[in-house]
Every structure is written in structure tokens, then in C-alpha cells.
Amino acid sequence: MAGLTLENINKIYPNGFQATYDISLDVEDGEFLVLVGPSGCGKSTALRMIAGLEDISSGKLTIGGRVVNDVEPKDRDIAMVFQNYALYPHMTVADNIGFALKLARLPKTEISERVNKAAAILDLTDQLDRKPGQLSGGQRQRVAMGRAIVRQPSAFLMDEPLSNLDAKLRVAMRAEIAALQHDLGVTTVYVTHDQVEAMTMGDRVAVLNKGYLMQVDTPQDLYDRPDNVFVAGFIGSPSMNLVAGRLEGTPEAPVAVLGAERISIDPLAEGSALREHLNTDLVIGLRPEDLEDVVIAVDAPADRQITATARLVESLGSEIIVHFPMDAPQYIVEDAIDDDAEKGLGKDEETDVYVARLSPRSPVRNGAEITMAVDSSRFHYFDLATGNAIR
Ligand SMILES: Nc1ncnc2c1ncn2[C@@H]1O[C@H](COP(=O)(O)OP(=O)(O)O)[C@@H](O)[C@H]1O
Ligand SMILES: [Mg+2]
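Since this is a predicted model, take the numbers as computed values, not measurements.

Asks: Break down the sheet that holds strand E6 (residues 78-81) for me, with residues and values.
Replies: Each strand in a sheet pairs with its neighbour through backbone hydrogen bonds, running either in the same direction (parallel) or in the opposite one (antiparallel). Read from one edge of the open sheet, six strands run E6-E7-E8-E3-E9-E10, paired in mixed fashion. This sheet does not close on itself; its edge strands, each paired only once, are E6 and strand E10 (212-217). Going across the sheet, the axis of each strand differs from the next one's by a mean of 15°, ignoring polarity. As paired strands, strand E9 (residues 204-209) and E10 are joined by five bridges and run antiparallel to one another. The partner of Leu208 across the bridge, within E10, is Leu213. Against the sheet, helix H4 (residues 137-149) makes contact with E6 and strand E7 (155-159), and its axis sits at roughly 170° relative to E6, the strand it touches most.

Asks: Tell me what's going on with the layout of surface pockets, and back it up with residues and numbers.
Replies: Over the atoms a probe the size of a water molecule is rolled, and this reveals where empty space is left. By volume, the largest pocket is sized at about 560 Å³. Every residue lining the largest pocket is counted, 22 residues in all, and those nearest its centre are Met80, Phe82, Ala100, Arg147 and Arg151. Among the elements of the structure, E6, helix H2 (93-103) and H4 are those that each provide at least two residues to the lining of the largest pocket. When its residues are assigned to classes, the lining of the largest pocket shows 17 nonpolar, two polar and three charged. What the second largest pocket holds in volume is close to 410 Å³. The biggest single contributor to the lining of the second largest pocket is strand E23 (residues 380-383), with three residues. Among the domains, domain 1 (4-233) and domain 2 (234-383) are the pair contributing at least three residues each to the lining of the second largest pocket.

Asks: How would you summarise the sheet that holds strand E22 (residues 369-374) if you had to cite specific residues and measurements?
Replies: Strand order in the open sheet formed by three strands is E15-E22-E16, with antiparallel pairing between adjacent strands. Looking at the sheet topology across the chains shown, the edges are occupied by strand E15 (291-293) and strand E16 (305-309). On average, adjacent strands in this sheet sit at an angle of 35° to one another, irrespective of strand direction. Two elements, E15 and E22, share three bridges in a ladder whose sense is antiparallel.

Asks: Summarise the pairing of strand E18 (residues 320-325); cite the residues concerned and give the values.
Replies: Along E18, five of the six residues are buried, which leaves the element largely enclosed by surrounding structure. Relative to E18, strand E17 (residues 312-315) runs antiparallel, the two sharing four bridges. Residue Glu314 lies in a different strand from E18, and its bridge partner there is Ile321. Two elements, E18 and strand E21 (residues 353-358), share six bridges in a ladder whose sense is antiparallel. Opposite Ile320, over in E21, you have Leu358 as the bridge partner.

Asks: Before we move on, can you summarise the site of ligand 1 with the specific residues and values?
Replies: Taken together, Tyr13, Asn15, Phe17, Ala19, Pro38, Ser39, Gly40, Cys41, Gly42, Lys43, Ser44 and Thr45 make up the full set of residues adjacent to ligand 1. Interatomic distance of 3.2 Å between a backbone N/O atom of Cys41 and an oxygen atom of ligand 1. Lys43 is positioned such that a nitrogen or oxygen atom in its side chain is 2.9 Å from an oxygen atom of ligand 1. About the coverage of ligand 1: the protein hides 63% of its 560 Å² of free accessible area.

What counts and how
Residues numbered from 1 in each chain as written. Chains lettered and ligands numbered in written order. Predicted model: local features only at pLDDT ≥ 70, side-chain atom pairs only at ≥ 80, totals over all residues. Heavy atoms only, no water. Pairing = 2+ DSSP bridges. Helix = DSSP H or I, 4+ residues; strand = E, 2+ residues; numbered from the N terminus. Axes fitted to C-alpha atoms, helices over the stretch in contact; angles between N-to-C directions. Contact = heavy atoms within 4.5 Å. 1 Å grid on protein atoms, 1.4 Å probe; cavity = no way out; pocket = protein on both sides within 12 Å on 5 of 7 lines; lining within 4 Å. Points joined across faces, edges and corners; volume = space filled by probe spheres on them. Nonpolar A, V, L, I, M, F, W, Y, C, P; charged D, E, K, R; others polar. Domains from an automatic or database assignment. Buried < 20%, exposed > 50% of the residue type's maximum accessible area, 1.4 Å probe, protein only. Near = heavy atom within 4 Å. Polar contact = N/O pair within 3.5 Å; in protein donor to acceptor, adjacent residues only side chain to side chain. Areas by Shrake-Rupley, 256 points an atom, 1.4 Å probe, with all protein chains shown as cover.

Structure (C-alpha cells):
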């Protein structure tokens, strides 16, 4: 087993397009690292460079302490699981799983030993003589995993391996893969565009946008302490509300200004970076769950409330999601898909709709006015120019 290290990895495709910029990342031995980001942000490019399927334009890639920039894929001691895990339809499950070992001319007994062991781990023992066509989607996915496992690699690389499965199976399989990885303890880099998948599976999650690594952290730290507006908006569902706002008042009695709403915040401690931002424009982030109907949050201070019209009320049973317009410009984050989207302030009033996640006991009704308590101690603040967190 082995860790992986990426040092200032750049990828410039032959057509001149730069897909990754100075990516530096340490994946520890045995770690499950998830690489997540919007479509087109460079996830597959990064993974394919690790696998050796794509040249590294500049930078250094180390696997198990060995620099492998110029090592052939087959000699890198890694196994890859793809989104399109084409199984050979005419071969049995056992032959599919053992195919790479057969190519490597391992002795027959060794092959069947490894295949049986992998099948036992994957709960495929009873399926070994079947053909892929006779299996369920989940079982086929496990056969694809089996192919990787039998090679006993020092690292697994997985590129959206669940994206062809239906939603329910995907949820079941992500738990299975995470448990399997944990049992095997093999260093794994797992690519997905689905932030929920990333959060539930990864020991740590690396967030990529437009070829840049935005932050690497544990799921909880990414959620609680996003380093920049991109991560703030990308991680979490519904997304964090990002408002182009302002801090006013004094360090002892500061006020967050969200358009027409003025919300008191806790005094700014001596040395707090926020002190430097008093009376300047910045981005204020509010998680939807940090808002609550005042009917429920009865002790909420009057200077920490927002009143708005509930434009759309979605009752999910365990919670109520309320969309409400607020007379404050929304901050729009640029990502890999929206190349044309204008960064910065929302121009269209229709976009200035925010989201709250309320208790299912809230009596909120579609179209009615609602007053919500705001936990302003949980606000996030970002520099308007750089998008970086202010702490
Ligand atoms: N062979 C290539 N030549 C030029 N550009 C490419 C090539 N392959 C991918 N790209 C571009 O690189 C960017 C990242 O692609 P990719 O790594 O596949 O993204 P992701 O896997 O995150 O969706 C995209 O803009 C894509 O169009
Ligand atoms: Mg991809």
C-alpha cells in the first residue's frame, strides 16, 4: 500500500487548453480521498494523470514514494474503476474478475484463489458462474470492483463509478464502496460531481473548480469552514445563501446589512479580521438551517430577524424548505459549467431569492409573510474581491 503525492501538477492539452493549475495534494496511505467539482472542472484529467493515461505537463507525481511521471500505467501498481465499467458479456463473472490476472499470466490456482476471495468480500460467490447479463446493476458494479480488488493494487482510482446506477442503488453502493475501502485499507482517489456522495464517502474531500484546487478538508470542516465562496456555495444542499452585503456599526455593536435588513451580530473580538471590514462591502453567507420560523424560535432576539414573503414552500416531512425573496443582491459564484455567468452581483431581481430550512412544525404557508430568526453567530464572511473567507 502507498500514499500518493501531487506536486504542482499542471495539464495543458495539445490544443492549448489548461485543464489543471498547480494542483498539490497529499493522499495518505489508506485514505479515501474524494475529488469533487462541477462537470468540466478537471477531475477526470487529474485522475487520468495519476493513472498514467494522460501525460503530466508539469509537476511531480509520487506513488508510494516513487516518482512515476514517466512510468507506464501498468507499472504504477494502481487499479482504475470507470463510470463505464464494460464487462465482457460472454465471460462468466469469475472470468471477468480474473481477466487482468490471466493477462498477467498468473498461475490458475492463484487466479481462482484471488477471484474467490474477492467474490466473498463482494458477496458475489453465488454469481461466479453467471454472465453479466444475468446480474443486477449493483452486482455488475461489484464485479467491476472485483476486477480492481484482485489485482491487489497499492491504490484504487475511481471515476464516477456510480453515475450509471439509479438513485436508490447509488446510495446503497456508495455505502458499500466506502465500507469495502475501509476494510481493505487501500488508498483510494474517488472522483464524483455529486457533493453529497463526496461528503458521505470521503475521509477528506478535495474541491476542484476550473482546474484549481479550492480546498481539501474533512467533510465537516469543509461544511463548517469553507475557505472561499466557491466551496461555501458548492458544499451543502440546499446551498448556502450568499448575499452581497455590508458590515456596519462598531466592533462592540456590529450590524450585518443585507439590503433592507439589518441584523445584529456578536461583538468582533480584538484582532478579528472582520474588524478590518467594518463599513466595507463583503459577501455574507447564511446556511439555510441557520434560519428558523420565529413561531418555533420563540426566544429569538428582535434585532436578529428577517421578514419576507414565502414564495415557495416545500414540505419534506422532516423539514420545510422555504424560498423567499429579499431586497439584497445575491452573490453569484462562477463555476466550470457557467463560463458565461457573470461573477459577482446578481443583476436579475428574480435571482435574489434565498432559502431557509425550517422546522416541520412551522405553520408557514405559500404566499404568506414569515418572520424568521437568524443565527447571525453562524454567518460566514468572504472578501468581495477575492472570494476568500474572512476569519
Ligand atoms: N483531450 C482533450 N483536449 C482538450 N481539452 C480537453 C481534453 N479532455 C478534456 N478536456 C477539457 O478539459 C476540461 C476538464 O475535463 P475533465 O477532466 O474531463 O472534467 P471533469 O471530469 O471534471 O468533468 C474540460 O473543459 C474538457 O473539455
Ligand atoms: Mg469526468
